[in-house]
Amino acid sequence: MDAHETGFFTEDNSVKVVTGRNKNAKDERLKQVMEVVTRKLHEAVKEIEPTQDEWMQAILFLTRTGQMCNEWRQEFILLSDVLGVSMLVDAINNRKPSGASESTVLGPFHIEGAPELEMGANICLDAKGEHMVIGGRILDTAGQPIKDAVIDVWQANDEGFYDVQQQGIQPDFNLRGVFRTGPDGHYWFRAVKPKYYPIPDDGPVGQMLDRLGRHPNRPAHLHYIIKAAGFETLITHIFDPNDPYINSDAVFGVKESLLAEFTHTHDPDRAKAYDFDGDFWEVEHDFVLARVGEKRA
Ligand code: BEZ
Ligand code: FE
C-alpha cells in the first residue's frame with residue numbers, strides 16, 4: 001500500500017502524489033530539484049493542456065535534440081542557450097562585487113591548447129578581414145593592475161565562422177591566442193573585426209527558432225577567459241555595439257557593460273607600425289577581476 005500513501009493519482013493532486021513517491025530519496029538535493037521540476041512541469045501541462053499529439057511532438061523534439069548531440073555538437077546546450085537558461089545559470093553563479101566585469105556564456109567554440117603568444121601578436125593567421133588592434137588592462141576592483149593574468153581569446157572571422165567550423169579552410173588556431181600580462185596589467189593584440197554569425201541552426205533548435213519567428217544570430221563579439229591566481233576566473237565577451245543584432249542576440253548574452261567601442265582609424269603611420277596595410281579598427285577595453293571570496297554587490 002506504500003505507493004498510495006498520498007492517494008491515487010488525480011489531475012488535482014498530481015504533484016503531491018508524484019513527489020511523495022520520493023520520500024526515501026538517497027540524495028536530498030536531487031529530491032529538492034525533482035520536487036521543483038515536477039511542480040513546474042505539472043503546472044505547465046495543466047496550463048497548456050496539450051493534446052496527445054502535441055505531447056508526442058514535444059517528446060520527438062527532445063529525441064531529435066538528443067540525437068543531434070555528438071562530440072562536436074551539443075544541441076541541449078543550444079536549447080538552454082536560446083531559452084535564456086544558460087544566461088540565467090551564468091548570472092546566478094557569477095554575482096560579482098561592484099566594479100567587477102560581468103560574465104556571459106562560454107559557447108561551444110572554445111578549445112584548449114591555443115598557443116601562448118607575445119603581447120601584440122596578430123591572431124589572424126590568414127590575413128583575411130579588416131585589421132583590428134585591441135588593448136586594455138586587467139585590473140582588480142581597487143583599480144590595481146594584475147600581473148600574470150592569462151587571457152585566452154577567440155573569435156569568429158569576418159565571415160562569421162570559427163576556425164573549428166572551417167577546418168581545412170581556416171588555419172588551425174586562427175583567431176585564437178593566449179596572452180599573459182606583465183606588471184602593468186596591460187594586454188594588447190592584433191586581430192580582425194569579427195562579424196555576426198548564426199548559432200548552429202541546422203537542427204531541431206534552429207527549426208524551433210524559425211517556427212517562433214526568431215533569427216539565430218549572435219552580434220559580433222570576441223570571447224575571453226581571463227584567469228589570475230587569487231581571482232575568480234572571468235568568462236566573458238566584448239561586443240560591437242553597432243552590430244545589427246546587438247539588441248536581439250539569439251542566446252541573450254549581451255550586457256551593457258560588455259559593449260566596447262570599435263573605432264575606425266585612418267592613420268597611415270600607426271597602421272604601418274602595426275604592420276597593417278590600411279585603415280584599422282581600434283578597441284580599448286579594461287577587464288576587472290573579483291578576488292576569490294570578495295564580497296558580492
Ligand atoms: C558563441 O558565442 O560562440 C556561442 C554561444 C552560444 C551558442 C552558440 C555559439
Ligand atoms: Fe562566439
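From a predicted model like this one, the values you see are computed outputs, not experimental measurements.

What follows concerns the packing of helix H4 (residues 75-82) against helix H6 (residues 204-211). In a packed pair of helices, the relevant descriptors are the angle between the two axes and the axis-to-axis distance. With their axes 9 Å apart at the nearest point, H4 and H6 run at an angle of 25° to one another. Taken together, the axis directions place H4 and H6 in an arrangement best described as roughly parallel. Counting all contacts with H4, which are made through Glu75, Leu78, Leu79 and Val82, the residues of H6 involved are Pro204, Val205, Gly206, Met208 and Leu209. Across the contact of H4 with H6, the residue classes break down as seven nonpolar, one polar and one charged.

A few words on the pairing of strand E1 (residues 131-140). Counting buried residues along E1, nine of its ten residues qualify, which places the element largely inside the surrounding structure. With seven bridges joining them, E1 and strand E4 (residues 186-192) adopt antiparallel strand pairing. Looking at the pairing, glycine 135 lines up with tryptophan 188 of E4. Of the strand pairs in this sheet, E1 and strand E10 (residues 280-284) are connected by four bridges, and their pairing is parallel. Bridge pairing in E10 links methionine 132 to tryptophan 281.

Close contacts around ligand 1 come from Leu78, Asp81, Gly107, Pro108, Phe109, Tyr162, Tyr197, Ile199, Arg218, His221, His223 and Val251, and that covers them all. For ligand 1, an oxygen atom lies 3.5 Å from a polar atom in the side chain of tyrosine 162. In this structure, an oxygen atom belonging to ligand 1 sits 2.5 Å away from a side-chain N or O atom of arginine 218. Considering ligand 1 on its own, with 270 Å² of exposed area, one finds that the protein chains cover 100% of that surface.

Every buried residue of H6 is listed here: Pro204, Val205, Gly206 and Leu209. Buried residues along H6 sit in contact with helix H3 (52-67) and H4. Within two residues after H6, glycine 213 carries a phi angle of roughly 75°, on the positive side.

Across the six residues of strand E2 (residues 150-155), five count as buried, placing the element largely inside the fold. Pairing geometry for E2 and strand E7 (residues 221-227), over six bridges, is antiparallel. Bridge assignment links isoleucine 151 to a residue of E7, and that residue is isoleucine 226.

This paragraph deals with the pattern of salt bridges. The final tally for this structure, using the stated rule, is eleven salt bridges. As a salt-bridge pair, arginine 73 and glutamate 75 come within 2.9 Å of each other at their nearest N and O atoms. Owing to a relative accessible area of 14%, arginine 73 belongs among the buried residues under this scheme. One network of salt bridges, in which partners are shared, links Glu116, Lys147, Asp148 and Arg180.

Before going further, it helps to spend a moment on the UniProt feature "domain: Intradiol ring-cleavage dioxygenases" (unreviewed entry) in the protein chain. The feature "domain: Intradiol ring-cleavage dioxygenases" (unreviewed entry), as given by UniProt, occupies residues 134-162 in the numbering adopted here. Helix makes up 0% of residues 134-162 and strand 45%, and the two end C-alpha atoms of the span are 19 Å apart.

Within the secondary structure, isoleucine 169 sits in the loop between E2 and strand E3 (176-180). The exposure class assigned to isoleucine 169 is exposed, which follows from its relative accessible area of 59%.

Right, let's get into the coordination of the iron ion (ligand 2). At this site the iron ion (ligand 2) is bound by Tyr162 (OH), Tyr197 (OH), His221 (NE2) and His223 (NE2), with donor distances of 1.9 to 2.1 Å. Coordination geometry of the iron ion (ligand 2): the six donor atoms subtend angles of 53 to 164° at the metal centre, consistent with an arrangement described as irregular. Each donor residue of the iron ion (ligand 2) lies on the same chain, and together they follow the pattern Y-x34-Y-x23-H-x1-H. Of this pair, tyrosine 162 sits in the loop between E2 and E3 while histidine 221 is found in strand E7, placing the two residues 59 residues apart along the sequence. Here tyrosine 162 matches histidine 221 in class, with each residue buried.

Within the fold, glutamine 170 resides in the loop between E2 and E3. Residue classification places glutamine 170 among the buried positions, given a relative accessible area of 4%. Of the polar contacts made by the side chain of glutamine 170, one reaches the side chain of glutamine 166; its length is 2.8 Å. There is a polar contact of 2.9 Å between the side chain of glutamine 170 and the side chain of asparagine 174. If we ignore the near neighbours within four places in the chain, the residues touching glutamine 170 are Asp126, Asn157, Phe161, Tyr162 and Asp163.

Calculation rules
- Counting restarts for each chain, with residues numbered from 1 along the sequence as it is written.
- Chains and ligands are labelled by the order in which they are written, letters from A for the one and numbers from 1 for the other.
- pLDDT decides what is reported in this predicted model: residues at 70 or higher carry local features, side-chain atom pairs at 80 or more are listed and counted, and totals for whole chains, interfaces and linings draw on all residues regardless.
- As a rule here, side-chain values come from all non-hydrogen atoms in the structure, and water together with hydrogens is ignored.
- In this description, a line fitted to the C-alpha atoms serves as the axis of each element, helices being fitted only across the stretch in contact, and the angle between N-to-C directions of two axes falls anywhere from 0 to 180 degrees.
- Strands here are runs of E lasting at least two residues and helices are runs of H or I lasting at least four, both read from the DSSP assignment and numbered beginning at the N terminus.
- Roughly parallel here means an angle under 35 degrees, roughly antiparallel means over 145, roughly perpendicular means 65 to 115, and every remaining angle is called oblique.
- Residue contacts are counted whenever heavy atoms from the two residues lie within 4.5 Å of one another.
- Side-chain classes are defined by residue name, with Ala, Val, Leu, Ile, Met, Phe, Trp, Tyr, Cys and Pro counting as nonpolar, Asp, Glu, Lys and Arg as charged, and the others, Gly among them, as polar.
- Classification of residues uses two cut-offs on accessible area relative to the type maximum, computed with a 1.4 Å probe and protein chains only: under 20% is buried, over 50% is exposed, and between them is partly exposed.
- Whether two strands pair comes down to DSSP finding at least two bridges between them.
- Here a residue counts as near a molecule or strand whenever at least one of its heavy atoms sits within 4 Å of it.
- Pairing of N or O atoms within 3.5 Å defines a polar contact, subject to two protein rules: one partner must be a possible hydrogen donor and the other a possible acceptor, and residues neighboring in sequence count only if both atoms are side-chain atoms.
- Each accessible area value is a Shrake-Rupley result obtained with a 1.4 Å probe; residue values ignore everything except the protein chains displayed when judging cover.
- For this analysis, a salt bridge means a side-chain nitrogen from Lys or Arg found within 4 Å of a carboxyl oxygen belonging to Asp or Glu.
- UniProt positions are given in the numbering used here, feature names are shortened, and annotations may be inferred rather than shown by experiment.
- Only N, O and S atoms count as donors, using a 2.8 Å cut-off from the metal and 3.2 Å for Na, K and Ca, and because water is excluded some sites may appear unfinished.
- Only four donors with every angle between 85 and 135 degrees are called tetrahedral; only four or six donors with opposite donors over 155 degrees apart and all others between 65 and 115 are called square planar or octahedral, in that order; all others are irregular.

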